Amino acid sequence: MMDKAVNLAAESKNILVVEDEIMIRMLLEDMLGDLGYTIAGAVGRIEDAIKLARTGEFDMAILDVNLNGQTVSPVAEILEARGLPFVFATGYGERGLPERFMNRPTLQKPFQQENLGKILSLAFERAAA
């Protein structure tokens, strides 16, 4: 059972999902919805992700580290410059992260809803600190 405080915190939060695998993206969207988050956007191409990172209205982004062989670093750099929190999603563990972002919260694939909720809560707490 998910903690009510986590759900209440999630209710007003919009999440940008950047994931190139359509099935994983859909799974992530479902899990986020179950946790009480709203999907601000879901894209799978680096060009679309960069555009949304620059102009999108959202509270947090989940970034797949590898988008069809391209690193998601340019998107992370834009979000960092805007002061928007983000977490990485990877199947490679922390060693798969771009070096300058090694301290960022990371979601391990395959995703588990409970872990997703915890990581997002942690990332929002860190952003507020």
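Residues numbered from 1 in each chain as written. Predicted model: local features only at pLDDT ≥ 70, side-chain atom pairs only at ≥ 80, totals over all residues. Heavy atoms only, no water.

(A) Region of the structure containing the overall build of the protein chain. Within the protein chain, the regular secondary structure consists of five helices and seven strands. When the helices and strands of the protein chain are placed in sequence order, the string is α-β-α-β-α-β-β-β-α-β-β-α. Here the C-alpha atoms of the protein chain give a radius of gyration of 13 Å, agreeing with the 14 Å that 2.2 N^0.38 yields for 129 residues. Taken along its principal axes, the extent of the C-alpha atoms in the protein chain is 35 × 30 × 25 Å. (Helix = DSSP H or I, 4+ residues; strand = E, 2+ residues; numbered from the N terminus. Rg over C-alpha atoms; globule rule 2.2 N^0.38 Å.)

(B) Examining a nonpolar patch on the surface more closely. Judged by side-chain polarity, I22, M23 and M26 come together as a nonpolar surface patch covering roughly 320 Å² of accessible area. Tracing the backbone shows M23 in helix α2 (residues 22-35). (Patch = residues over 30% accessible without salt bridge, like charges linked within 9 Å, V, L, I, M, F, W, Y side chains within 5 Å. Areas by Shrake-Rupley, 256 points an atom, 1.4 Å probe, with all protein chains shown as cover. Salt bridge = Lys/Arg side-chain N within 4 Å of Asp/Glu carboxyl O.)

(C) Structural context of the nonpolar core. The biggest cluster of nonpolar side chains holds 22 residues, and the ones touching the most others in it are V18, L63, V75, L79, F86 and F88. Counting only elements with at least two residues in this core, the list comes to β1 (14-18), α3 (46-55), β3 (60-64), α4 (73-82) and β6 (86-90). In this structure F88 touches L63, V65, V72, A76, L97, P98, F101, R104, P105, T106 and L107, once residues within four positions along its chain are discounted. Among the nonpolar cores identified, the runner-up in size contains 19 residues, and A10, L32, M60 and L116 belong to it. (Core = buried A, V, L, I, M, F, W, Y, C linked by side-chain atoms within 4.5 Å. Buried < 20%, exposed > 50% of the residue type's maximum accessible area, 1.4 Å probe, protein only. Contact = heavy atoms within 4.5 Å.)

(D) Region of the structure containing the confidence of the model for the protein chain. Per-residue confidence for the protein chain averages 90 on the pLDDT scale, and 93% of its residues sit at or above 70. At the level of individual helices and strands, the protein chain shows its lowest average pLDDT in helix α1 (residues 4-11), which scores 57, and its highest in α3, which scores 98. Per-residue pLDDT stays below 50 along residues 1-5; that stretch engages in five contacts with residues further than four places along the chain or on separate chains. (pLDDT = per-residue confidence, 0-100.)

(E) Just the side chain of R25, in detail. Here R25 is to be found in helix α2. Within the buried core, R25 has no salt-bridge partner, and the shortest N-O distance to an opposite charge, that of E29, equals 4.5 Å. A polar side-chain atom of R25 sits 2.7 Å from the main-chain carbonyl oxygen of E19. Setting aside its immediate chain neighbours within four residues, R25 contacts V17, E19, D20, A42, V43 and G44. (Lys, Arg positive; Asp, Glu negative; His and termini not counted. Polar contact = N/O pair within 3.5 Å; in protein donor to acceptor, adjacent residues only side chain to side chain.)

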